[in-house]
Every structure is written in C-alpha cells, then in structure tokens.
Amino acid sequence: MTALNSIVLLTGAGISAESGIQTFRASDGLWANHAIEEVATPDAYARNPAKVLDFYNQRRTQLQDPQVAPNAAHLALAKFEQALTAQGGRFTLITQNVDNLHRRAGSQNLIAMHGELQSVFCPACGHRQTWVHDLNSTDLCPVCAESAPLRPDIVWFGEIPYQLDACQAAVEQADLFVSIGTSGQVYPAAGFVALAKSAGALTAELNLEPTRKDFDFCLYGPATQVVPAFFEQLMNQPTQLPSFCQ
Ligand code: OAD
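Residues numbered from 1 in each chain as written. Predicted model: local features only at pLDDT ≥ 70, side-chain atom pairs only at ≥ 80, totals over all residues. Heavy atoms only, no water.

Engineer: Sorry, what's going on with the site of the ligand here?
Structural biologist: A13, F24, R25, T182 and S183 are the nearest of the 24 residues found near the ligand. R25 places a polar side-chain atom, nitrogen or oxygen, 2.8 Å from an oxygen atom of the ligand. Within the backbone of L208, an N or O atom sits 3.3 Å from a nitrogen atom of the ligand. Here the ligand, which alone exposes 800 Å², has 92% of that area covered by the protein. Residues of the shell around the ligand, tallied by class, amount to 10 nonpolar, 11 polar and 3 charged. Two domains each provide a minimum of three residues to the shell around the ligand, namely domain 1 (6–19 + 70–114 + 162–236) and domain 2 (22–67 + 117–154). (Near = heavy atom within 4 Å. Polar contact = N/O pair within 3.5 Å; in protein donor to acceptor, adjacent residues only side chain to side chain. Areas by Shrake-Rupley, 256 points an atom, 1.4 Å probe, with all protein chains shown as cover. Nonpolar A, V, L, I, M, F, W, Y, C, P; charged D, E, K, R; others polar. Domains from an automatic or database assignment.)

Okay, structure coming up:
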C-alpha cells in the first residue's frame, strides 16, 4: 500500500470532553438542559436574543477557565500535522467544535465549520472580530455602526456551515478520513464519511463508543488515550492503519 499522504479529520465535542467541555448529546450534555430551538437557531435569536447570548456567553466564559486547556488528543493532532506536512503530506482538520482548543494546541490547517465562540460578526456588513468577553444586544459593529447588533459567530441549526466547499474538496481528496469524538448526527458533517468512502479513502472512527457502522476501522476509548496512540503509530508506519484498529 502507498503512504497515506492526504489525511482529513473531523472532530466533535468528544475530543474536548476530557478538557472539561460538555458534549451535546450525552445524558448530562448541553442539549439535555437547553432546547436547541430556544438557543441555537436564527428564530430563537430573533425571538429572545438575551437568552441566546447568555447561552453562548456562558460557553465563552468557560474558555477563560484555567482548567480548560488542550488535552493530549488535541496536542497529538497538532504534532501529527507538523510531522506529516514536514514530509510533504496534506493534513486538514475539520472541527465542529466552537471551542478554541485545537488552535491553542497548535493545529494550523483548521476549518471551524460551526464557527467559533471567541468570534462575533456584524449581520449588516459581515465584519468579524475576536470577542473574549460577554456579548450584549447593545454591542454594535465598530465598522458600520448599524443598529443591528453583533451576533455570535456560530452556525446555528438551519444555517450553512462555514467553508463547506473546502471541507468537501478536502474530504474528496483524502487517502484517510478519521472521525473523532462526534456522534455523527448533524449533517452535512455526518455525510463526510460516505463522501470519503465514495472517493476511495480509508475511513476510521475514534470514539468512546461505536456510533454507526460505515467506518472501515474503529478504535474505542477516551480521546486522550486512543488519539495519541493512533496518530503516533500512523507517524511511524504511514502506509497502514495501526494494527490495533478493528
Ligand atoms: P455529540 O454530543 O453529539 O457527540 C459527542 C460524541 O463524543 C459521542 O459520540 C460520544 O460518544 C463521544 N465522546 C464523549 N466523550 C468522549 C471522550 N472522552 N473521548 C472520545 N469520545 C467521546 O457532539 P458532536 O457530534 O460534536 O452543532 O455534535 C455535533 C454538533 O451537534 C455540534 O457541533 C453542535 C451540536 O448540536 C451546533 O450547535 C450547530
């Protein structure tokens, strides 16, 4: 087999769980205590902006907690990217996460397809800016000063994810597609594995538990264990998937 030169990853909330960030669909996850239609849709924001802003303000505040830091899985991906690109390989990390842990770990070629907590944008002129504190409905755009308030730079349900064309192009060119810590329930991200397979890539799932049946290889356990183990072995033997994959 030739080397796996072009590698695309899709990460979800599970990779950040051991950094202290709640997942969405666990029994004690975010969606157990907050209704999606009340905090994560354009309609919710139009109806009750304060409630929506409060939900994302809490998440943004959590990122300032010194206990919340990149874990061994985030760091392993950044290290692997550096090694692969130094050898001329292509690495794309697509994340559904809106935390900043992949960036803080040092990942470079990163697509935050569902947006980022520490960013806001102006719905009137599209200007984006870094935002680390609470966002209020009185905060206006510094560029156009339109009366429409700034909003979280988050892709809500019913909106189109960011850089979808770039995501799909990367997935279609992958030799290996790895899904990490995502339940695979939210499209279009959930469709990437089928796209990768139809384009001839090997596919693998690293997760706490099985999510679906369409991966070629699977490795189950906490992300801080399985992700470093998988990518260290791949770095040493770039022509095949680690032998401990099922
Ligand atoms: P989910 O909460 O749906 O799924 C998290 C996945 O991580 C599950 O499959 C868990 O088994 C797994 N998991 C939990 N802890 C883990 C650990 N320590 N190590 C490895 N895996 C672990 O989160 P996502 O799939 O990311 O979108 O959710 C996708 C999207 O749905 C989110 O981006 C968000 C949400 O609604 C929007 O808000 C638009």
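Engineer: I tried to follow the pattern of salt bridges on my own but got confused; where do I start?
Structural biologist: Pairing is possible between side chains that carry opposite charge, provided their charged atoms lie close to one another. In this structure the tally under the stated criterion is 6 salt bridges. Among the ionic pairs, K51 bridges to E38, the shortest N-O distance being 2.6 Å. On the criterion of sequence distance, the pair formed by K51 in helix α4 (residues 49–62) and E38 in helix α2 (residues 36–39) is long-range, its members being 13 residues apart. Look at K51 and you get partly exposed, because its relative accessible area is 37%. (Salt bridge = Lys/Arg side-chain N within 4 Å of Asp/Glu carboxyl O. Helix = DSSP H or I, 4+ residues; strand = E, 2+ residues; numbered from the N terminus. Buried < 20%, exposed > 50% of the residue type's maximum accessible area, 1.4 Å probe, protein only.)

Engineer: Would you take a moment to explain the packing of aromatic side chains for this structure?
Structural biologist: What characterises a pair of aromatic rings is the spacing of the ring centres plus the angle enclosed by the ring planes. In this structure the tally under the stated criterion is 9 aromatic pairs. Taking the centre distance of 5.1 Å and the plane angle of 40 degrees together, the rings of Y45 and W156 count as tilted. In this pair, Y45 sits in helix α3 (residues 42–47) while W156 sits in the loop between β6 (151–154) and α7 (164–172), placing the two residues 111 residues apart along the sequence. What makes W156 buried here is its relative accessible area of 2%. One aromatic cluster in this structure is built from F24, W31, Y45, F55, Y56, W156 and F157. (Phe/Tyr/Trp six-rings, centres within 6.5 Å; stacked < 30°, edge-to-face > 60°.)

Engineer: How should I be thinking about unusual backbone geometry in this particular structure?
Structural biologist: In terms of backbone geometry, most residues other than glycine have negative phi values and most peptide bonds are trans. Note that the residue after Y187, namely P188, is joined by a cis bond; omega there is 10 degrees. By secondary structure assignment, the location of P188 is in the loop between β7 (176–180) and α8 (192–198).

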